[in-house]
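Commentary on secondary and tertiary structure
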Protein chains: 2
Amino acid sequence: MKNKITLKELSKLLNVSVSTVSKALNDSPEISQKTVERVKELAALHNYRPNPVAVNLKSSRSGTIGVIIPNIANVFFAKVLSGIEAKAQEEGLQVITYISNESYDREVQIIDHLTSGFVDGVLLSIAEETQRKRAFDHIYHLIDYDIPVVLYDRINYDMPVDKVGVDDAESFKKVTTKLIKKGVKKIGVVSTILHLVNGKERIRGYQEALLPSMKEHIAASTRREFLDEKIHEILIDDKVEAVLCCDTESTMRVYRYAYEHNIRIPEDLKVVGFLNEEITSFLTPSISYIEQNPRKIGKGAMKLLGKRLKGEAELNKTTEKIIKTKLVNLESTTFDSEH
Amino acid sequence: MKNKITLKELSKLLNVSVSTVSKALNDSPEISQKTVERVKELAALHNYRPNPVAVNLKSSRSGTIGVIIPNIANVFFAKVLSGIEAKAQEEGLQVITYISNESYDREVQIIDHLTSGFVDGVLLSIAEETQRKRAFDHIYHLIDYDIPVVLYDRINYDMPVDKVGVDDAESFKKVTTKLIKKGVKKIGVVSTILHLVNGKERIRGYQEALLPSMKEHIAASTRREFLDEKIHEILIDDKVEAVLCCDTESTMRVYRYAYEHNIRIPEDLKVVGFLNEEITSFLTPSISYIEQNPRKIGKGAMKLLGKRLKGEAELNKTTEKIIKTKLVNLESTTFDSEH
DNA sequence: CTGAAAGCGCTTACAG
DNA sequence: CTGAAAGCGCTTACAG
């Protein structure tokens, strides 16, 4: 079974030309029914598969797309990837995975590599460091190369590409409004991702929903020791009754802070987290959380890219798709169910 | 910037032959220093990159490896992937990701696809359903195709391939022994993965470590309602003092069960989980857990595959690499630190 | 209906 | 030191 059989070998066995074999296998109307059958039978017998590399060289497409993931250990991105993979599967495309590890340098390196023509298109979620630096030249470079790019999740940039993301601002606005309607007077926000677009957007949503009479309570820092201090300020000094967490890390810190200081959830403090189902199911007591539907984001991004690759998308127009989040209500919170 | 420049175009601009340009770029000693410089300069100017597809066709290698992941939303596998990706990066290989979703059919389909020559080698962790069915023909098929395969994590199969895994039995044996030395008399095990090799191995390690005088307390089921019943039996009826959990799901069930029945951890019950750091850090109180070092597993698997691909491995001999686990001790357990 | 020829973009023995 | 030629495995206009 060592060597894969080629068209040439098949043609020799069949005593016809390579062209004929190729056409027969591709159901060309040029070839007689009889020949087609003969060829296909032998091909099946030898388990013939066209060499994808050769096919790609002819068609000058690689049949693969590149996915750049900032952090694969984050279940959110892992699920996005699984959505991408599922959709790519449907479209007959391969997925080449690149992990930027939130590093600018690595992202530049990956993108540089991608301009060699390894892939027909790219799905990108911009690394944290890149966002901090606001250095996007490498991404524009990719676009200049006419490699279709779709941004996913971290999207609020003014780039001429398709985008798929989440209604960050809207989700926080809705939750805040809901809490206000419940009669909650002091609402706070905790974040370790203030420098990311998504983090900024979420806070904006919160701010927009606050009533003019209400004070903002924002505890934000990327450094754990400072964050705990700030959490102390809003939980102990300001005595907020509810807190919205912008990310997994801040949810965890609030949760642990409450545990260590005997603050009961949800009696003393209502907590809404931005995290995934798996972790929430571990928490005792459970909290409410905003479900982002990462698989859908992945599928949506791959779908847009697929359209670009097939030329079904308009050339000078980009699409922005927003996947709605859902507030999930758990046992020990006081929200009504949402369906 | 639309069209990538090719060797042919470069050669025209330089008034030399395509061969000369190719050799110059590859630092062939055949070419004069002057020409090499001239060629490289222009190539750099035009940002020339060899078309990887064409290079692959010549070398009849694809330069990519395929990774089959049973479940990417499991952080364990996500981290394995990140280890694989890092090592592949070092070796200049691309990683094509396939997600089997623990499905036998999907795994068969992926492997069938892989025999077309998309990849030079495969890293595989066998899907749950495949293990249940004990149907491995498709994997042998891949091996017959002379595509190097390395099994990772789920490895205890008698296949003639390289393997990288964890010391499942050993890890449970060690923990059990440790507990016994601490004076714990009744030790139980909870598992939802009894049908997986890893699950079996862990239980075997536990059984081996038990003293002849001690009774086994095993709560195992893949169905949640049955599992809760069995957890009840060992926690309430048998009153075990410590419980080893074989997987994330069973850890979570035990944890929640204890919470709901006011069983204090670790005063009433010591819990050792098989889960990842992220989740553990969420638990209040925290528990001890066995750290498997998934990134190292990924790197190790990729390293073995790399050796096969470079022909550095002996042909009729396979390597099995075991990555040691580590027991991690957290605040509220009574283990000594281990370093 | 079938086949010879050119070509996708490269590399590499071989000749000069 | 340089270049023409063959070839990796395929597809597809073109000729017969």
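Residues numbered from 1 in each chain as written. Chains lettered and ligands numbered in written order. Predicted model: local features only at pLDDT ≥ 70, side-chain atom pairs only at ≥ 80, totals over all residues. Heavy atoms only, no water.

Let's shift gears to empty space enclosed by the protein. Evaluated as defined, the whole model comprises one cavity of 30 Å³ or more. In this model, the largest cavity occupies a volume close to 200 Å³. Lining the largest cavity are 18 residues; nearest its centre among them are A:Asn56, A:Thr64, B:Asn56, B:Ser62 and B:Thr64. Taken together, the residues that form the lining of the largest cavity break down as eight nonpolar, ten polar and no charged. (1 Å grid on protein atoms, 1.4 Å probe; cavity = no way out; pocket = protein on both sides within 12 Å on 5 of 7 lines; lining within 4 Å. Points joined across faces, edges and corners; volume = space filled by probe spheres on them. Nonpolar A, V, L, I, M, F, W, Y, C, P; charged D, E, K, R; others polar.)

For the pair chain A and chain B, the relating rotation is 180 degrees, the translation along its axis is 0.0 Å, and the fit reaches an RMSD of 0.1 Å. Both chain copies can therefore be described as sitting about a two-fold axis. Proximity to the rotation axis, assessed at the C-alpha, singles out A:Ile96 in chain A; its C-alpha lies 2.2 Å from the axis. (Least-squares fit on C-alpha atoms with pLDDT ≥ 70 in both.)

As a further point, take the protein's contact with DNA strand D. As a structural note, the neighbourhood of DNA strand D is formed by 27 residues, with A:Leu7, A:Ser22, A:Tyr48, B:Lys23 and B:Lys58 the closest of them. By atom count, sugar and phosphate contribute 55% of the portion of DNA strand D lying within 4 Å of the protein. Note that a phosphate oxygen of DNA strand D is positioned 3.4 Å from one of the side-chain N or O atoms of A:Asn26. In the environment of DNA strand D, a base oxygen lies 3.1 Å from a nitrogen or oxygen atom belonging to the side chain of B:Glu30. Contributions of two or more residues to the surface near DNA strand D are made by helix 1 (7-14), helix 2 (18-25) and helix 4 (52-59) of chain A together with helix 2 (18-25) and helix 4 (52-59) of chain B. Of all the elements, helix 2 of chain A adds the most residues to the surface near DNA strand D, at four residues. By residue class, the composition of the surface near DNA strand D is nine nonpolar, ten polar and eight charged. (Near = heavy atom within 4 Å. Polar contact = N/O pair within 3.5 Å; in protein donor to acceptor, adjacent residues only side chain to side chain. Helix = DSSP H or I, 4+ residues; strand = E, 2+ residues; numbered from the N terminus.)

What follows is about the UniProt feature "domain: HTH lacI-type" (unreviewed entry) in chain A. Mapped onto the present numbering, the UniProt feature "domain: HTH lacI-type" (unreviewed entry) falls at residues 5-59 of chain A. From the first C-alpha to the last, residues 5-59 of chain A spans 21 Å; its make-up is 67% helix and 0% strand. (UniProt positions renumbered as here; feature names shortened; annotations may be inferred.)

The next point concerns the interface of chain A and chain B. Every contact between the two is made by 54 residues of chain A and, on the other side, 54 residues of chain B. Both sides together, the interface formed by chain A and chain B hides about 5,200 Å², and carbon and sulfur atoms give 59% of it. Inspection of the chain A/chain B interface yields four salt bridges. Of the charged contacts, one joins A:Asp112 and B:Arg49 as a salt bridge, the two residues approaching to 2.5 Å between their closest N and O atoms. Only helix 4, helix 5 (75-91), strand 2 (94-99), helix 6 (104-114), helix 8 (137-144), helix 12 (248-260) and helix 13 (277-282) of chain A provide two or more residues apiece to the side of chain A that touches chain B. (Contact = heavy atoms within 4.5 Å. Buried area = accessible area lost by both parts, 1.4 Å probe. Salt bridge = Lys/Arg side-chain N within 4 Å of Asp/Glu carboxyl O.)

Parsing chain A into structural domains produces domain 1 (7-50), domain 2 (59-165 + 294-323) and domain 3 (168-293). Computed from C-alpha coordinates alone, the two centres of domain 1 of chain A and domain 3 of chain A are separated by 65 Å. (Domains from an automatic or database assignment.)

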